[in-house]
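What follows is each chain in one-letter form.
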Amino acid sequence: MAMATHCSSSSLMFTSTSPKSFSSSPKKTPFLGFSMAALSKPSFQLSPLVRTNRTAQIRCQDKAAAYIPLDQRWMFEESEIDGPDIWNETWYPKAADHVNTDKPWYIVDATDLILGRMASTIAIHMRGKNLATYTPSVDMGAFVIVVNAEKVAVSGKKRTQKLYRRHSGRPGGMKVETFDQLQQRIPERIIEHAVRGMLPKGRLGRQLFTHLKVYKGPEHPHEAQKPIELPIRDKRIQIQR
């Protein structure tokens, strides 16, 4: 069977010289030699086949591009005025929207702050959940500096009941210590452990964890970044003595 194909912006012709004719019933679809799903831009309409000339015609209807309305052009730049309308498209951050050198830096003093409430606030700003441009799969957050890590507080009896475990990888290498013991040995690890558990697990979470800087004492080496105070709205974050 010989078949000639010609497609333009207006029509697509199929000519068959076989004595058999295609059926125009909706149950049987003629095989055209290529996948119709691959052609997504033009919409095709298969006209009924005429048995006398055995010619199938497919009309290609190009969708008209939607341009920016005149009353909305003030919201776009001059280079985007004559382009397609991107106002109704879903926005997704580009690489220029989350450059590390442009991100803000926050600082928080952990003196007498409850560990869990402080860690949740830090994790929110590190992920960027406080921003209107928050995207779960993109690093949109900020850098956070924590000072006076040895003065962080906990509620209840967690100083003696809260346990931290680590394993050396060898049989019988499990090490267990309480909150009070770890705070005297490595106080920075307590805050890092709490914030790490509130970040996503995976490659994005490992990248976000590098934005946390925890130090023992009031000094830190990030004065050049000009950090501002971390905004905390939780009124119960300060321990009541």
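The preceding data block contains the structure.
Residues numbered from 1 in each chain as written. Predicted model: local features only at pLDDT ≥ 70, side-chain atom pairs only at ≥ 80, totals over all residues. Heavy atoms only, no water.

A. View of the pairing of strand E7 (residues 163–167). Judged from the 5 bridges that link them, E7 and strand E8 (residues 174–178) form a sheet pairing that is antiparallel. When the bridges of E8 are listed, Leu163 appears paired with Thr178. (Pairing = 2+ DSSP bridges. Helix = DSSP H or I, 4+ residues; strand = E, 2+ residues; numbered from the N terminus.)

B. Broad picture of the packing of helix H1 (residues 115–127) against helix H4 (residues 187–196). Direction vectors running N to C along H1 and H4 enclose 60°, while the axes themselves pass 9 Å from each other. Taken together, the axis directions place H1 and H4 in an arrangement best described as oblique. Here H1 and H4 pass one another in a crossing that is right-handed. In this structure, H1 uses Leu115, Met118, Ala119, Ile122 and Met126 to contact H4, whose residues at the interface are Ile190, Ile191, Ala194 and Val195. Its residues assigned to classes, the contact of H1 with H4 comprises 9 nonpolar, no polar and no charged. (Axes fitted to C-alpha atoms, helices over the stretch in contact; angles between N-to-C directions. Parallel < 35°, antiparallel > 145°, perpendicular 65-115°, else oblique. Left-handed = near helix turned anticlockwise from the far one by under 90°. Contact = heavy atoms within 4.5 Å. Nonpolar A, V, L, I, M, F, W, Y, C, P; charged D, E, K, R; others polar.)

C. Examining the environment of Ile68 more closely. As for its position among the elements, Ile68 is in the loop between strand E4 (55–61) and strand E5 (105–109). In this structure the C-alpha to C-alpha distance between Ile68 and Asp82, which are 14 residues apart in sequence, comes to 7.4 Å.

D. Quick peek at the pattern of salt bridges. Going through the model one piece at a time under the given rule, you end up with 4 salt bridges. Taking the shortest distance from any N to any O, the salt bridge between Asp234 and Arg117 comes out at 2.9 Å. Placement of Asp234 in the segment after strand E10 (228–229) and of Arg117 in helix H1 is noted, with a sequence separation of 117 residues between them. Here the salt bridges share partners, and the residues they tie into one network are Arg166, Glu177 and Arg185. (Salt bridge = Lys/Arg side-chain N within 4 Å of Asp/Glu carboxyl O.)

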